[in-house]
Amino acid sequence: MKLGFSTWAMPDLPIETSIKHIANLGYDGITIAVLPRFSTSLDTLDTARRKHIKKLTKENDLPISSVMSFTSMLEENPSELEKNIKMVKESIRLAVDWDTPYVITGIGGEPGDLENPEKLKKLIERLENIGNFASSEGITVALEPHVGQATETPDQLTQLLDKIQSPSIKVNFDISHFNVLGIPMKESVDKVLPYSVLIDVKDERGIVPDWEFVAPGEGEFNYVEFIKTLDSFAYDGFVTVEISFMVQKRSNYDPLDVTSKSFDVLNSAFKTAGVRRT
């Protein structure tokens, strides 16, 4: 397995600062977020900028594990939905330029949306269209479930994946969203890992409706048990730290400090679990 960090935690920092700090700490890879609010927003990434960032990651021996383009595929406003789909497809082209095989995006919507046959049909069509485009570019799109959205449980997520006829649509397994629903770790792993190409971790306290995402080491999540469980399934991909906007809203939030502390927590968990990072 490999340990990564996502620039989701540092939307305002120059990417040069992020890459250097993440690499110096000892992470094995970086997920780069490209939504409009980020310093690496897609609309700022012309050819020269893309080459510059790729060069920096190579110089710092920090592979780009994925492009983060989290948006909603269940947006009801037609013009906004069109923008969302366009952003994901542009992110796929960016992933090609950056030699990374994965683009992460969301599903969105509200709990219960997929019980509506028409909404479900349209979502499947959109995702198959994106999957076909991704396949033509040699990229896999990893869908991320989310608490409070249309796919907030393992069963909802995997039932959707089973209906999508595209080998290029997989899962970014962020177990935190299942944890805050009180779903046992083993159940989440058993059901979701077979569909997954990437894994994200946060930390959390409490159960819906009384819950919050926190930084690694501040909550209740058992990283050691999780890493051991992943290892028992022979998972050898990235486990990437993502810092929620809930944490980022703190008045004393320091993205570089939380990156450092997260490395200490996760690196220690790998060692305690007896799982070697490769």
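Attention here is on the structure that accompanies the text. Fair warning: this is a prediction, and the values are worked out from it, not measured in the lab.

1. Regarding the overall build of the protein
Moving on, step 1. The helix and strand inventory of the protein stands at 10 helices and 10 strands.
Moving on, step 2. Here the C-alpha atoms of the protein give a radius of gyration of 18 Å, agreeing with the 19 Å that 2.2 N^0.38 yields for 278 residues.
Moving on, step 3. Along the first, second and third principal axes, the C-alpha set of the protein runs to 50 × 45 × 40 Å.
Moving on, step 4. Per-residue burial over the protein gives 56% buried out of 278 residues.
Moving on, step 5. Of all intrachain contacts in the protein linking residues separated by at least 6 positions in sequence, the fraction that spans at least 24 positions is 79%.
Moving on, step 6. Carbon and sulfur atoms provide 48% of the accessible area of the protein, an area that totals close to 12000 Å².
Moving on, step 7. Between the centroid of the 30 positive side chains of the protein and the centroid of its 42 negative side chains there is a distance of 5 Å.

2. Regarding the pattern of salt bridges
If the charged atoms of two oppositely charged side chains come close together, the side chains can form a pair.
Moving on, step 1. Applying the stated rule across the entire model yields 17 salt bridges.
Moving on, step 2. For glutamate 212, the salt bridge identified is with arginine 205, shortest N-O distance 2.8 Å.
Moving on, step 3. Looking at arginine 205, the relative accessible area reads 32%, which means it is partly exposed.
Moving on, step 4. Within the structure, one salt-bridge network assembled from shared partners comprises Glu76, Asp113 and Lys119.

3. Considering the packing of helix α1 (residues 15-25) against helix α2 (residues 47-59)
Moving on, step 1. For the pair α1 and α2, the least separation of the axes is 10 Å and the interaxial angle reads 15°. Classified by the angle their axes make, α1 and α2 are roughly parallel. Handedness of the α1/α2 crossing: right-handed. Between α1, through Ile15, Glu16 and Ile19, and α2, the contact on the second element is made entirely by Arg49, His52, Ile53, Leu56 and Thr57.
Moving on, step 2. Looking at side-chain class alone, the contact of α1 with α2 contains four nonpolar, two polar and two charged residues.

4. A word on helix α8 (residues 223-232)
For the α-helix, the turn length of 3.6 residues means that residues three or four positions removed from each other point alike.
Moving on, step 1. Within α8, the full set of buried residues consists of Tyr223, Phe226, Ile227, Thr229 and Leu230. Summarising the axial view, the buried residues of α8 lie within an arc of 160°, below the 170-degree limit, and thus occupy one face.
Moving on, step 2. On the buried face of α8, the contacting elements are α7 (185-192), β7 (196-201), β8 (203-207), β10 (238-241) and α10 (255-273).
Moving on, step 3. The opening residue of α8, the one whose side-chain oxygen lies 3.3 Å from the backbone nitrogen of valine 224, is asparagine 222.
Moving on, step 4. Backbone geometry just downstream of α8 places alanine 234 in the positive-phi region, at approximately 60°.

5. Points about the packing of helix α3 (residues 78-97) against helix α4 (residues 117-137)
Moving on, step 1. Where α3 meets α4, the axes come as close as 10 Å, and the angle between the chain directions of the two elements is 20°. Here α3 is positioned roughly parallel relative to α4, judged by the angle of their axes. Judged by the sense of rotation from one axis to the other, the crossing of α3 with α4 is right-handed. Contacts from Leu81, Ile85, Val88, Lys89, Ile92, Arg93 and Val96 of α3 reach α4 at Arg126, Asn129, Ile130, Phe133, Ala134 and Glu137.
Moving on, step 2. Here the contact of α3 with α4 is composed, by residue class, of eight nonpolar, one polar and four charged.

The rules behind these values
Residues numbered from 1 in each chain as written. Predicted model: local features only at pLDDT ≥ 70, side-chain atom pairs only at ≥ 80, totals over all residues. Heavy atoms only, no water. Helix = DSSP H or I, 4+ residues; strand = E, 2+ residues; numbered from the N terminus. Rg over C-alpha atoms; globule rule 2.2 N^0.38 Å. Buried < 20%, exposed > 50% of the residue type's maximum accessible area, 1.4 Å probe, protein only. Contact = heavy atoms within 4.5 Å. Areas by Shrake-Rupley, 256 points an atom, 1.4 Å probe, with all protein chains shown as cover. Lys, Arg positive; Asp, Glu negative; His and termini not counted. Charge placed at Lys NZ, Arg CZ, Asp CG, Glu CD. Salt bridge = Lys/Arg side-chain N within 4 Å of Asp/Glu carboxyl O. Axes fitted to C-alpha atoms, helices over the stretch in contact; angles between N-to-C directions. Parallel < 35°, antiparallel > 145°, perpendicular 65-115°, else oblique. Left-handed = near helix turned anticlockwise from the far one by under 90°. Nonpolar A, V, L, I, M, F, W, Y, C, P; charged D, E, K, R; others polar. Arc of directions from axis to C-beta. Polar contact = N/O pair within 3.5 Å; in protein donor to acceptor, adjacent residues only side chain to side chain.

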